[in-house]
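# What the coordinates show
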Amino acid sequence: MTIATSIDDTAVTRASGGDERAVIRVRDLSVTYEVEHPVRAVRDVSFDLIQGEILGLAGESGCGKTTLAYAINRLHKPPAVISSGSITFHDRSGTDIDLLGLDERSLEQFRWDKLSMVFQGAMNALNPVISIRAQLEDVLIAHRPRMRRAERRRLAGDVLDRVGVGRDRLASFPHELSGGMRQRVMIAMALLLEPQVMIMDEPTTALDVVVQREILREIVRLRDELDFAVIFITHDLPLLLEISDRIAVMLDGEIVELDTARRIHDEPRHPYTRKLLGSFPSLTGDRGSFIRTGAAIDDGASAASTDEGQDAR
Ligand SMILES: Nc1ncnc2c1ncn2[C@@H]1O[C@H](COP(=O)(O)OP(=O)(O)O)[C@@H](O)[C@H]1O
Ligand SMILES: [Mg+2]
């Protein structure tokens, strides 16, 4: 990891520019569905996504998680409208990009390249009759038009190796692969251009529990290797406690609490967070089996070794 392994509260909550390690800075963002009775699905949401962290976004169905994810990537469609706020992306080269100011062409370049997304049903978005290789290479052709064919093939193979599918499946067609394998291919595609941020909206919800855990381990390992930041969305708070560095809790379109995973678990402040925790009675003492391999953001008191120590008990 290239970032600090501890975070102090003042750095996170500093009211002026926010955390200086932020890769995405969302401020006072509101998204409204302009229907007959307008629904403000996201209400004045502000947070920083820190380079290299896994930020979990929790909250029950309908609270606005997907609306927020789409808005950050500007993938929202009418009747959804961003009614106020700002989203700033801090590029590796040091440039701040105003995401709400990008035109459609710039957005197309931006997506996949700097920020990619994997959705619950993403695996079904693959064309069943086009080879995995061709679909991966298409992303490279669109975003790296000058790249040579041999280089494209090598990268497509490398990225499949990375996600545990293996380059020997390059010639396969999606319909020949299981759901879990296809979702891994989508993660490979999301990683292909080495984005700084990956947004994952319930990416494993449709998969069985064993496959789901394998893929989660893979995501944590890939983050450790490649140092991208992740916004990981799910209604499953216990799952987030295992994989996240920090967790934001969303209720009725607002983020009501945002803190390190450990503090969300040990000292939840908002009644709704307590309710979410309380509704999972299996979580009594420790945080269960911890699959984080390297905590990017934590509060110093909870180094990864401590967590492993708890597992052994
Ligand atoms: N197309 C739509 N038209 C009107 N309201 C919508 C539409 N899509 C979502 N909403 C509203 O936005 C709220 C948030 O939805 P969503 O972001 O999908 O929640 P989540 O992902 O947390 O389940 C919902 O409660 C719903 O009422
Ligand atoms: Mg959703």
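Computed from a predicted model, the values in this text were never measured in an experiment.

Attention now moves to the pairing of strand β3 (residues 54-58). The buried fraction of β3 is high, at 5 of 5 residues. Burial of β3 is two-sided: the residues I54, G56 and A58 facing one way and the residues L55 and L57 facing the other way are all buried. Relative to strand β8 (residues 229-233), β3 runs parallel, the two being bridged by 4 bridges. Across the sheet, G56 pairs through a bridge with F232, a residue of β8.

The next thing to look at is the confidence of the model for the protein chain. Summarising the model, the protein chain shows a mean pLDDT of 87, and 83% of its residues fall at 70 or more. Contacts from residues 300-313, a stretch scored under 50 in pLDDT, to residues over four places away or in other chains number 13 contacts.

Around ligand 1, a shell composed of Y33, A41, E60, S61, G62, C63, G64, K65, T66 and T67 is seen. Taking C63, its main chain carries an N or O atom lying 3.2 Å from an oxygen atom of ligand 1. Burial of ligand 1 by the protein amounts to 63% of the accessible area it has alone, namely 570 Å². At 3 residues, helix α2 (residues 65-72) tops the list of elements feeding residues into the shell around ligand 1. Residues belonging to the shell around ligand 1 are distributed by class as follows: 3 nonpolar, 5 polar and 2 charged.

When we look at burial in helix α3 (residues 104-113), the residues that qualify are L107, F110, R111 and D113. Residues of α3 that are buried sit in contact with β4 (80-90), β5 (96-98), β6 (115-119) and α4 (132-143).

Reading guide: rules and limits
- Residues numbered from 1 in each chain as written.
- Chains lettered and ligands numbered in written order.
- Predicted model: local features only at pLDDT ≥ 70, side-chain atom pairs only at ≥ 80, totals over all residues.
- Heavy atoms only, no water.
- Buried < 20%, exposed > 50% of the residue type's maximum accessible area, 1.4 Å probe, protein only.
- Helix = DSSP H or I, 4+ residues; strand = E, 2+ residues; numbered from the N terminus.
- Pairing = 2+ DSSP bridges.
- pLDDT = per-residue confidence, 0-100.
- Contact = heavy atoms within 4.5 Å.
- Near = heavy atom within 4 Å.
- Polar contact = N/O pair within 3.5 Å; in protein donor to acceptor, adjacent residues only side chain to side chain.
- Areas by Shrake-Rupley, 256 points an atom, 1.4 Å probe, with all protein chains shown as cover.
- Nonpolar A, V, L, I, M, F, W, Y, C, P; charged D, E, K, R; others polar.

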